[in-house]
Amino acid sequence: MKIEILGTGCPKCKKTKEVIEKVLKETGVEAEVIKVEDFETILNYGVMVTPAVVIDGEVKLAGKAPDEKDIRKWITE
Amino acid sequence: MVDIFYPLQWIADKLTYEVFGIAPDTHLGASVNFIIYDVMKIFMLLAVMIFFISYIRTYITPEKTRKVLGGKKGLHYHLLASLIGTVTPFCSCSSVPIFIGFVEAGVPLGVTFSFLITSPLVNEAAVAALWATIGLKATLMYVISGTLLGVFGGYLIGFLKMEEYVADFVYKIKVGDQAKKPEDLNIKERATIAYESVKDIVGKVWIYVIIGVTLGGIFHGYAPEGILAKYAGKDNPLAVPIAVLIGVPLYSNVMAMIPVMESLIGKGLPLGTALAFLMAVNAISLPEIIILKKVLKNELIGVFVLIVTVSIIFTGYMFNIIM
């Protein structure tokens, strides 16, 4: 699984990364976590309000940091 | 007019003079009373205002906005863009993606700037704090002049035809469309989002509010009456530009500055000078300029900063004349 975190370094983007890594650790799900900071890729996904979470090329959430429940649902789907 | 905040003053008086037993008419009493009253009032209005605006915002996404404004010219679209900017305070880290998104959708550069100028300038947290401290009338003046500043500034940038001063890569980016949010949120989901943003924003700004109110309270209680009228009063023509030039690069949380300004106004700082300073703090900051440099060439940044700075100075003078 490939999890991309779209964001340009705002505090919420950091929080997003922390929450995702925490959930991955807890659930033991293997995933590659990448931070995407270049505007072109972010906008190619159609995201204008960061942070956003993209899992295997699909935008799951944009504009806020996800909560643990959301992430659990996405990665176990 | 009935003062709906009277109960807060009553509580502040009770706490200061009876519970804490501080004598009225002392420096300490004035400071403590100011701090208690302001803290209660600011947090109350913050919660109400953020909830209300965030609820409205669930209807106004950048995706929708750029569709509505795409390819539209004319002063009324500047006004619309500026008004949308008032209810959408994006953190400065989102201003670049939104900027590109607007340009890609064919929103004229000037209209995009009307949005970009107003978005940080008029935001619900600052409005709530202004209302709580300096009063409703000054707050309305701030909101109206801030909105008009966005209209005017954006219109001027459009008029100057500065499209070539946008970084070239911006015009090459294609914005995908898969992040479209489901638009069929129900009332409960919208309310949840609004509640989350109250928690989010209050969680972020409370410390600045406390710092600002404490500094303001100390100044209110201990500084001599009229001290600012003497040095930065209306008869000092340099006060407004100096206040604005200090405010422009300042990257300070405006939530801390507002209660301080309240106490400065109490000691004779003219309202227009104070509002101009707060506008300058909100409208432009060094980190924002650094972020915008990624998509704008220096000439356009210079024009943007110049227009906004001059307009704010002008607004400050105007307020000082009419108030």
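The structure under discussion appears in the preceding block.
Keep in mind that this is a model prediction, so the values were computed, not measured.

### Some words on the overall build of chain B
In terms of regular secondary structure, chain B is built from 15 helices and zero strands. Relative to the globule expectation of 20 Å for 323 residues, the C-alpha radius of gyration of chain B, 21 Å, shows essentially globular dimensions. Principal axes of the C-alpha set define a box for chain B whose edges measure 65 × 50 × 35 Å. Taking all 323 residues of chain B together, 46% fall into the buried category. Within chain B, residue pairs in contact and separated by at least 24 positions form 88% of the contacts whose partners lie at least 6 positions apart.

### Things to note about the overall build of chain A
Tallying secondary structure elements over chain A gives three helices and four strands in all. Going from the N terminus to the C terminus, chain A shows its helices and strands as β-α-β-α-β-β-α. Here the C-alpha radius of gyration of chain A, 11 Å, is about what a compact globule of 77 residues would show, namely 11 Å. If one aligns the C-alpha atoms of chain A with their principal axes, the spans along those axes are about 30 × 25 × 15 Å. Burial status across chain A gives 38% buried among its 77 residues. Considering only residue pairs separated by 6 or more positions, chain A has 65% of its internal contacts joining residues 24 or more positions apart.

### Considerations on the interface of chain B and chain A
Between chain B and chain A, the contact holds 19 residues from the first and 17 residues from the second. Among the elements of the structure, helix H3 (62-69) and helix H5 (92-104) of chain B are those that each provide at least two residues to the side of chain B that touches chain A. Element by element, the count of residues in the side of chain B that touches chain A is highest for H5 of chain B, at seven residues. Residues belonging to the side of chain B that touches chain A are distributed by class as follows: 11 nonpolar, four polar and four charged.

### Points about the pairing of strand S2 (residues 32-36) of chain A
Walk down a regular strand and you will see the side chains alternate between the two sheet faces. Examined bridge by bridge, strand S1 (residues 2-6) of chain A and S2 of chain A share five bridges and lie parallel to one another. Following the sheet pairing, Ile 3 of chain A is matched in S2 of chain A by Val 33 of chain A.

### A short note on helix H8 (residues 136-159) of chain B
In this model H8 of chain B runs 34 Å from its N-terminal to its C-terminal C-alpha over 24 residues, within 8% of the 34 Å that 1.5 Å per residue would give. Looking one or two residues beyond H8 of chain B, the residue adopting positive phi is Lys 161 of chain B, at roughly 50°.

### Overview of the packing of H8 of chain B against helix H13 (residues 271-283) of chain B
For any two helices packed against each other, the geometry is given by the interaxial angle and the distance between the axes. All names here are of chain B. The interhelical angle for the contact between H8 and H13, taken along N-to-C directions, is 50°, at an axis separation of 11 Å. The angle between the axes of H8 and H13 places the two elements in the oblique class. Crossing handedness for the pair H8 and H13: right-handed. Taking contact as the criterion, the partners of Ala 138, Met 141, Tyr 142 and Gly 146 in H8 are, on H13, Leu 271, Leu 275 and Met 279.

### A word on the sheet that holds S2 of chain A
All names here are of chain A. Read across the sheet, four strands follow the order S2-S1-S3-S4 without closing on themselves; strand pairing throughout is mixed. Both edges of this open sheet fall to S2 and strand S4 (58-62), since each of them pairs with a single strand only. Within this sheet the neighbouring strands show an average axis-to-axis angle of 20°, counted without direction. Each of S1, S2 and strand S3 (52-55) is contacted by helix H1 (residues 11-27), which is oriented at about 160° to S1, the strand it contacts most.

The rules behind these values
Residues numbered from 1 in each chain as written. Chains lettered and ligands numbered in written order. Predicted model: local features only at pLDDT ≥ 70, side-chain atom pairs only at ≥ 80, totals over all residues. Helix = DSSP H or I, 4+ residues; strand = E, 2+ residues; numbered from the N terminus. Rg over C-alpha atoms; globule rule 2.2 N^0.38 Å. Buried ≥ 20, exposed ≤ 12 C-beta atoms within 10 Å, placed from the backbone. Contact = placed C-beta atoms within 7 Å. Nonpolar A, V, L, I, M, F, W, Y, C, P; charged D, E, K, R; others polar. Pairing = 2+ DSSP bridges. Expected span 1.5 Å × (residues − 1). Axes fitted to C-alpha atoms, helices over the stretch in contact; angles between N-to-C directions. Parallel < 35°, antiparallel > 145°, perpendicular 65-115°, else oblique. Left-handed = near helix turned anticlockwise from the far one by under 90°.

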